[in-house]
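Structural overview for review
Read off the chains here:
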Amino acid sequence: MIFGRLLRGFSSNIGIDLGTANTAVFVEGKGIVLYEPSIVAIDTKSKKILAVGKEAKEMVGKTPENIQAIRPLRHGVISDFEVTQAMLTYFIKKVLGRSILKPKPITVIGVPTGITPVEKRAVVDAAKSAGAREVYLVAEPMAAAIGAGLPVEEPIGNMIVDIGGGTTDIAVISLAGIVVSNSLRVAGDEMNEAIIQYIKRKLHLLIGEQTAERIKIELGSAIMEEEERQMEIRGRDMTGLPRTETITNHMVTEALEETVNSIVNAVRTTLEKTPPELASDIAERGIVLAGGGSLLRNLDKKIEQETGIKARYADEPLTSVAKGLGMVLENIDLIRRISME
């Protein structure tokens, strides 16, 4: 109980949604204070870190040979330990300040449900090396469900589909536990890659990640829309020269079809494995969508078409996980019940 009071009274405890595309940080008593790209720019000769977050993202695809813009997480897990540690250190110092008098924070981190023991250890070690005192790992769909305001501690079936940059995590939750889950390493990044490959194949034009992301946001849809919309894009043709092309929303929907179907099929598979009583609750209460990848236009309608169950968005899909982690910080008993450690 003493530890519980300490945790609740600790003003600098933090929750970190360590995402493949973006990292969000919740500080107890302040709310979400940081939301930045999970990117680090490094000088490959001196190994010096030049920029982190938003500044580093602006460098993607524009760096000289001696500078690399690195995304240290792939599919929601650490692919470069040292760079992740440096990124976490930067973000923690940015939100808490650099005073050596401040005690180290207790940290709750959201991770994919499909994470391996080795990957868990890497996340914990990176967070402790970055300055965390105690580290608890919480499954991202659980955190997203809490952030979306679902009654996860009650004997009711709650279904959450959390689509981030690197992973899609689907879970059926009841009594503060994950009853059925499915973690798919297909999400927002794969949507961008599908657009890049489609345009290369159909228009013989090479584009970068940031252009693909912009196309996805402006024209992307999970179902074929009647109205045609279009935009101009610029890239490099096969001769190496710059070229401008026009792309339509119908082309982008076609490009995304396989990726979208993978996610929808994973939702169906999860439902098929759900106990009948909980499935009944979900049919009545609906499926909740969270994460930046879920914001693809008409994805809620696509899921409803394929499952027959109403799908709706969490109030703040982009920050549901971070918000849920922040809410968890105030309840040590709940942390112990849902921690993956």
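Because the structure is a prediction, the values reported are computed rather than measured.

**A word on unusual backbone geometry**
Peptide bonds are, in most cases, trans, and in most cases residues other than glycine have a negative phi. Positive phi, close to 55°, is recorded for H75, a residue that is not glycine. Along the chain, H75 falls in the loop between β7 (73-74) and β8 (77-78). Judged by its relative accessible area of 27%, H75 is partly exposed. In this model, N298 sits at a positive phi of 70°, which is unusual for a non-glycine residue. Inspection of the secondary structure puts N298 in the loop between β17 (287-290) and α10 (299-307). Taking relative accessible area as the criterion, N298 reaches 12% and is therefore assigned buried.

**Re the nonpolar core**
Judged by nonpolar contacts, the single largest core of 62 residues is most densely connected at I16, I109, L137, M142, I160 and I338. In terms of residues, this core owes the most to one element, helix α3 (residues 81-96), which gives seven residues. Each of domain 1 (2-36 + 75-142 + 320-338) and domain 2 (152-186 + 260-313) contributes no fewer than three residues to this core. Ignoring anything within four residues of it in the chain, the contact list for I109 reads I16, L18, V123, A127, V135, Y136, L137, V138 and L325.

**Details of the sheet that holds strand β4 (residues 40-43)**
Read across the open sheet, the three strands follow the order β5-β4-β6; overall the sheet is antiparallel. Edge positions in the sheet fall to β5 (49-52) and β6 (67-70), since each of these pairs with one other strand and no more. Along the sheet, successive strands turn relative to each other by an average axial angle of 15°, direction set aside. In this structure, β4 lies alongside β6, joined through four bridges in antiparallel fashion. Across the sheet, V40 pairs through a bridge with I70, a residue of β6. Each of β4, β5 and β6 is contacted by α3, which is oriented at about 60° to β5, the strand it contacts most.

**Details of the domain arrangement of the protein**
With domains assigned, the protein is organised as domain 1 (2-36 + 75-142 + 320-338), domain 2 (152-186 + 260-313) and domain 3 (188-255). Relative to domain 3, the C-alpha centre of domain 2 lies at a distance of 28 Å. The partner domain 3 presents 14 residues to the 16 residues of domain 2 that form the contact. Interface of domain 2 and domain 3: buried area, both sides summed, is about 1,100 Å²; carbon and sulfur atoms make up 58% of it. The interface formed by domain 2 and domain 3 contains zero salt bridges. The interface formed by domain 2 and domain 3 holds seven residue pairs in polar contact (both at pLDDT 80 or more) in total.

**Some points on the environment of V288**
With respect to the secondary-structure elements, V288 resides in strand β17. The class of V288 is buried, set by a relative accessible area of 1%. With 22 residues separating them along the chain, V288 and K310 place their C-alpha atoms 8.8 Å apart. Contact partners of V288, with chain neighbours within four places excluded, come to A148, L150, M159, I160, V161, R312, Y313 and A314.

**Some words on the packing of helix α5 (residues 140-147) against helix α11 (residues 320-328)**
Two numbers describe how α5 lies on α11: the axes approach to 7 Å, and their chain directions differ by 80°. When the interaxial angle is binned, α5 and α11 end up roughly perpendicular. Between α5 and α11, the contacting residues are E140, A143, A144, I146 and G147 on the first element and S320, V321, K323, G324, L325, M327 and V328 on the second.

**Brief notes about the packing of aromatic side chains**
Describing an aromatic ring pair means giving the distance of the ring centres and the angle of the ring planes. Tallying each qualifying case throughout the model produces one aromatic pair. Look at Y90 and F91: their rings are 5.7 Å apart centre to centre, the planes differ by 65°, and that puts the pair in the edge-to-face class.

**Thoughts on the pattern of salt bridges**
As enumerated under the stated definition, the model contains 11 salt bridges in all. Residues E225 and R229 are paired through a salt bridge, measuring 2.7 Å at the closest nitrogen-oxygen approach. On the basis of relative accessible area, E225 is assigned to the buried category, the value being 18%. R229 sits in the partly exposed class, given a relative accessible area of 22%. With a closest N to O distance of 3.0 Å, R243 and E245 form a salt bridge.

Conventions adopted
- Here the residue numbering is sequential within each chain, running from 1 through the sequence in written order.
- Selection of residues for local features in this predicted model requires a pLDDT of at least 70, selection of side-chain atom pairs for listing and counting requires 80 or more, and totals for whole chains, interfaces and linings are taken over all residues.
- By convention in this description, side-chain values take in all heavy atoms of the structure and omit both hydrogens and water.
- Secondary structure follows DSSP: runs of H or I at least 4 residues long count as helices, runs of E at least 2 residues long count as strands, and numbering of each begins at the N terminus.
- To sort residues, take the accessible area from a 1.4 Å probe on protein chains only and compare it with the maximum for the residue type: under 20% means buried, over 50% means exposed, and anything in between is partly exposed.
- To define a nonpolar core, start from buried Ala, Val, Leu, Ile, Met, Phe, Trp, Tyr and Cys residues and group those joined through side-chain atoms within 4.5 Å.
- By convention here, the domain bounds are inherited from an automatic or database domain assignment.
- Contacts were defined at the residue level, with two residues in contact if any of their heavy atoms lie within 4.5 Å.
- At least two bridges found by DSSP between two strands are what make those strands a pair.
- For helices, the fitted axis covers only the stretch in contact; all axes are lines through C-alpha atoms, and the angles between them, taken along N-to-C directions, range from 0 to 180 degrees.
- Reported buried area values correspond to the accessible surface (1.4 Å probe) lost by two parts on association, with both partners' losses combined.
- The term salt bridge refers to a pairing of a side-chain nitrogen on Lys or Arg with a carboxyl oxygen on Asp or Glu at a separation within 4 Å.
- Here a polar contact is taken to be a pair of N or O atoms separated by no more than 3.5 Å, where protein atoms must pair a possible hydrogen donor with a possible acceptor and residues adjacent in sequence count only if both atoms sit in side chains.
- Between 65 and 115 degrees an angle is taken as roughly perpendicular, under 35 as roughly parallel, over 145 as roughly antiparallel, and anywhere else as oblique.
- Planes of paired rings set the category: under 30 degrees apart is stacked, over 60 is edge-to-face and the rest tilted, where pairs are Phe, Tyr or Trp rings (Trp by its six-membered ring) whose centres lie within 6.5 Å.

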